[in-house]
Amino acid sequence: MGDAREVVFGHREILTVFSGIALAMLMAAMDQTIVATALPSIAGQLGGLEQMSWVVSAYLVAATVTTPVFGKLSDQYGRKRLMQATIVFFVLGSILCGAAQSMPQLVAARALQGMGGGAVMTLAFTIIGDIVAPRERGRYVGYIASVFAVASVAGPVLGGVLTEHASWRWIFYINVPLGAAALLMTRRALGRLHIAPGRRQVDYAGALLLMAAVSALLLALSWGGVLLPWTSPGILLLAATALVLGALFWAREHHAPEPILPPRLFRSPVFAVSGPLIVLSAMVMFASVIFIPVHLQLAQGHSADASGFLLLPLMLGITVGATGGGRLTGITGRYKVFPVLGMVLAAAVLTALALVDDPGRVASSLLLLVLGVGLGFIMPVLTVAVQNAVERRDLGAATASLGFFRSLGGALGVALFGAVLARGVASELQGRAVEGVPVDVRAVLDRGPEAIRALPPDVQEVVTAAFAAGFDRVFLLAAATALAATLVGAFLKEIPLRTSLHDGGKDAERARE
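All residue numbers refer to positions counted from 1 along the written sequence of the respective chain. With the structure being a predicted model, the display of local features is reserved for residues of pLDDT at least 70 and the display and counting of side-chain atom pairs for 80 or more, all residues being used for whole-chain, interface and lining totals. Only hydrogens and water are set aside; all other atoms, that is, all heavy atoms of the structure, feed into the side-chain values.

1. So, the overall build of the protein
Now for step 1: Secondary structure elements are taken from DSSP: a helix is a run of H or I of four residues or more, a strand is a run of E of two residues or more, and numbering for both begins at the N terminus. Scanning the protein for helices and strands turns up 21 helices and zero strands.
Now for step 2: For the protein, buried positions account for 60% of its 513 residues.
Now for step 3: Contacts between residues were defined by any pair of non-hydrogen atoms, one from each residue, lying within 4.5 Å. Long-range contacts, defined as pairs at least 24 residues apart, comprise 84% of the intrachain contacts of the protein with a sequence gap of at least 6.
Now for step 4: With an accessible surface of roughly 18900 Å², the protein has 65% of that area assigned to carbon and sulfur atoms. Residue exposure (1.4 Å probe, protein chains only): buried if accessible area is under 20% of the type maximum, exposed if over 50%, otherwise partly exposed. Note on areas: Shrake-Rupley with a 1.4 Å probe; residue coverage comes only from the protein chains shown.

2. Some details on a nonpolar patch on the surface
Now for step 1: Patch definition: residues above 30% relative accessible area lacking any salt bridge, with like charges linked at up to 9 Å and the nonpolar side chains Val, Leu, Ile, Met, Phe, Trp and Tyr linked at up to 5 Å. Just to be clear on terms, a salt bridge is a Lys or Arg side-chain nitrogen sitting within 4 Å of an Asp or Glu carboxyl oxygen. Residues Val337, Leu341 and Val344 make up a contiguous nonpolar surface patch of roughly 230 Å² in combined accessible area.
Now for step 2: Looking at the element boundaries, valine 337 is found in helix H14 (residues 337-355).

3. Digging into empty space enclosed by the protein
Over the atoms, a rolling probe the size of a water molecule traces out where space has been left empty.
Now for step 1: Grid points spaced at 1 Å over the protein atoms alone were grouped into cavities, where a 1.4 Å probe fits but cannot get out, and pockets, open sets with protein on both sides within 12 Å along at least five of seven lines, with lining residues defined by an atom within 4 Å of a point. Grid points are joined across faces, edges and corners, and a volume is the space filled by probe spheres set on the points. The final tally for this structure, using the stated rule, is five cavities of 30 Å³ or more.
Now for step 2: Of the volumes computed, that of the largest cavity is approximately 320 Å³.
Now for step 3: Mapped by element, the contributors of at least two residues to the lining of the largest cavity are helix H1 (11-34), helix H5 (103-131), helix H6 (134-165), helix H11 (269-298), helix H13 (312-332), helix H15 (361-376), helix H16 (379-389) and helix H17 (395-430).
Now for step 4: Charged residues are taken to be Asp, Glu, Lys and Arg, nonpolar residues to be Ala, Val, Leu, Ile, Met, Phe, Trp, Tyr, Cys and Pro, and polar residues to be all remaining types, Gly included. Residue composition of the lining of the largest cavity, grouped by class: 15 nonpolar, nine polar and one charged.

4. What about the packing of aromatic side chains?
Now for step 1: The rule is short: rings of Phe, Tyr and Trp, with Trp giving its six-membered ring, pair when the centres are within 6.5 Å, and they are stacked under 30 degrees, edge-to-face over 60, tilted in between. This structure, assessed with the given rule, holds seven aromatic pairs.
Now for step 2: Their ring planes at 85° and their centres at 6.3 Å tell us that tryptophan 168 and phenylalanine 172 sit as a pair that is edge-to-face.
Now for step 3: On the accessibility criterion, tryptophan 168 (3% relative accessible area) is buried.
Now for step 4: Using a relative accessible area of 0% as the deciding quantity, one classes phenylalanine 172 as buried.

5. Regarding the pattern of salt bridges
Now for step 1: Applying the stated criterion across every chain, the model contains one salt bridge.
Now for step 2: The shortest N-O distance in the salt bridge between arginine 334 and glutamate 494 comes to 3.5 Å. With arginine 334 in the loop between H13 and H14 and glutamate 494 in the loop between helix H20 (457-489) and helix H21 (504-511), this pair connects stretches of sequence that are 160 residues apart.
Now for step 3: Classification of glutamate 494 as partly exposed rests on a relative accessible area of 28%.

6. Some points on the packing of H14 against H20
Now for step 1: At their nearest, the axes of H14 and H20 sit 8 Å apart, and the two run at 160° to each other. In this view, H14 runs roughly antiparallel relative to H20, as classed from their interaxial angle. Between H14 and H20 lies a crossing whose hand is left-handed. Contacts between H14 and H20 pair Val340, Met343, Val344, Ala346, Ala347, Leu350, Thr351, Leu353, Ala354 and Leu355 from the former with Asp472, Phe475, Leu476, Ala478, Ala479, Ala482, Leu483, Ala485, Thr486 and Gly489 from the latter.
Now for step 2: A breakdown of the residues in the contact of H14 with H20 according to their chemical character gives 16 nonpolar, three polar and one charged. Fitted lines through C-alpha atoms give the axes, limited to the stretch in contact for helices. The angle between two N-to-C directions lies from 0 to 180 degrees. Should an angle fall under 35 degrees it is called roughly parallel, over 145 degrees roughly antiparallel, and 65 to 115 degrees roughly perpendicular, with every other angle called oblique. Each crossing gets its handedness from the near helix: less than a right angle anticlockwise from the far helix is left-handed, clockwise is right-handed.

7. Concerning the side chain of serine 281
Now for step 1: Checked against the element boundaries, serine 281 lands in helix H11.
Now for step 2: Classification of serine 281 by relative accessible area gives buried; the value is 5%.

8. Here's the deal with helix H2 (residues 39-46)
Now for step 1: For H2, the buried fraction is high: six of the eight residues fall into the buried class.
Now for step 2: Taken as a whole, H2 has its buried residues at Leu39, Pro40, Ile42, Ala43, Gly44 and Leu46.

9. Overview of the environment of alanine 62
Now for step 1: Looking at the element boundaries, alanine 62 is found in helix H3 (residues 52-77).
Now for step 2: Overall, alanine 62 belongs to the buried group, its relative accessible area being 10%.
Now for step 3: C-alpha separation for the pair alanine 62 and alanine 411, spaced 349 residues apart in sequence, amounts to 9.5 Å.
Now for step 4: Setting aside anything within four residues of it in sequence, one finds alanine 62 in contact with Ala111, Gly114 and Met115.

10. Points about the confidence of the model for the protein
Now for step 1: Confidence of the predictor at the level of single residues is given by pLDDT, which spans 0 to 100. Residues at a pLDDT of 70 or more form 79% of the protein, whose mean pLDDT is 77.
Now for step 2: Within the model, pLDDT remains below 50 along residues 505-513, and this stretch shows 21 contacts once partners closer than five positions in the same chain are excluded.

11. Digging into the nonpolar core
Now for step 1: Counting residues in each nonpolar core, the largest one holds 147 residues, and the members touching the most others are Met83, Leu106, Leu371, Leu375 and Phe471.
Now for step 2: Sort the elements by how many residues they give to this core and H11 lands first, with 19 residues.
Now for step 3: Side-chain atoms within 4.5 Å link the members of a nonpolar core, which is a set of buried Ala, Val, Leu, Ile, Met, Phe, Trp, Tyr and Cys residues. Residues Ala216, Ala220, Ile235 and Leu238 belong to the second largest nonpolar core, which totals five residues.

12. Some words on the environment of glutamine 300
Now for step 1: Tracing the backbone shows glutamine 300 in the loop between H11 and helix H12 (304-310).
Now for step 2: Along the backbone, glutamine 300 and phenylalanine 467 are 167 residues apart, and their C-alpha atoms lie at a distance of 9.1 Å.

13. A look at helix H10 (residues 233-253)
Now for step 1: A helix is expected to reach a length of 1.5 Å times the quantity of its residues less one. Across its 21 residues, H10 extends 30 Å between first and last C-alpha, which sits within 8% of the 30 Å expected from 1.5 Å per residue.
Now for step 2: Listed as buried for H10 are Ile235, Leu238, Ala242, Leu245, Phe249 and Glu253. Projected down its long axis, H10 shows its buried positions confined to an angular sector of 95°, all on one face. Facing away from the buried side of H10, by more than 90 degrees, are the exposed residues Pro233, Leu237 and Leu243. What the arc covers is the set of directions going from the helix axis to the C-beta atoms.

Set out below in structure tokens:
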């Protein structure tokens, strides 16, 4: 077939490839939101609301660690093989999640699921980068973002309905037929994608160092202030371990023949700013998508399926922001304004959610719609910006690195905000009491909605108020994180988008000037 630069795809062929990755993308994207409305019920049945964030974090940690590895492997072995392998990982993990009988079993199965899910999403963006020039890429990345948005809309609703009327286990079992169909479609549609010749080496030592460093950091954030004081020897040791292992990983990447995260990528000012910007924005996104439906159930008393429907404005906003931002980037050739504006909108809405006790149904829907638009502006736009700036040989590694930063930010956000919520609720409950009726803090944290519904009405009011106060802390911290992302985004360099797949080297050099 020749070199990848010689392959040109027409619009019809591009749509054929897109059809092959769309279902896989739908499956992986939906899983990130379908679990949100089911989390309190899962914690209630398996025990441990304090461990609830790890159901999400385990998925994100595995995606964080393995996404760069799969991205590098896709550069060497081809996107088709890796896409199909990651789908298999995802489906196997889904089966084990549905069969889990304890919280540790579920967390372990979610990690296996995350190995596939994170890579599927990253490979989808990488494949579009293989076949579409950057100036036209916003249009097709917008299509990908639309699939993600549809999944984001359907996920909470479907998760709530299945949890309320069947069982939370079906939110995982539903991936089995979806995965089988995705395997058949990708087998047929991705056959023409190029496999680059060259050495096929993977930096497994770097991957292990990265996994250990990220795990130590997340444990410190999850346990700090909840299971152990922040200044306890255990937390300080975990933090020091994360720092040392992170330094060793970075040193390793400078000497590895085929590094997972090539240090040369950071010589691009676009990539260097996009990395921390995606980390911070992902923290904000997951704080919104994961904790808002939990807030609706635990602080406002809505059922699982009702919270899914109430989340629709947020997901609709993500749809509008992702598709609109992608298309406007392609039309105007500009991208810096979108992530900056998106984080400003997110900071304003999250602050309002924390400070206004009951804005009303209409106002709440409008706030969530605006929040979704802001969140939707981030990932598709920055993907186009980075793919435009890096050399073509680094396309897979660069796109996978963005997936890594997104998963890292999501994992950090869920762990940190989860710890803040658990600590805040425990503190509020200890400081409040109803005469003659003790509040069992441990039961509430372990069983969630079931424990709250079992309490007398006056005690329920005390407990829901405690949860509301805990969520206020989470939303204010997320708003501060969004403001930090806005400041980082101000340093994003804007480079004219290329109109061809063939001049990547020249523009990559221009990106470093």
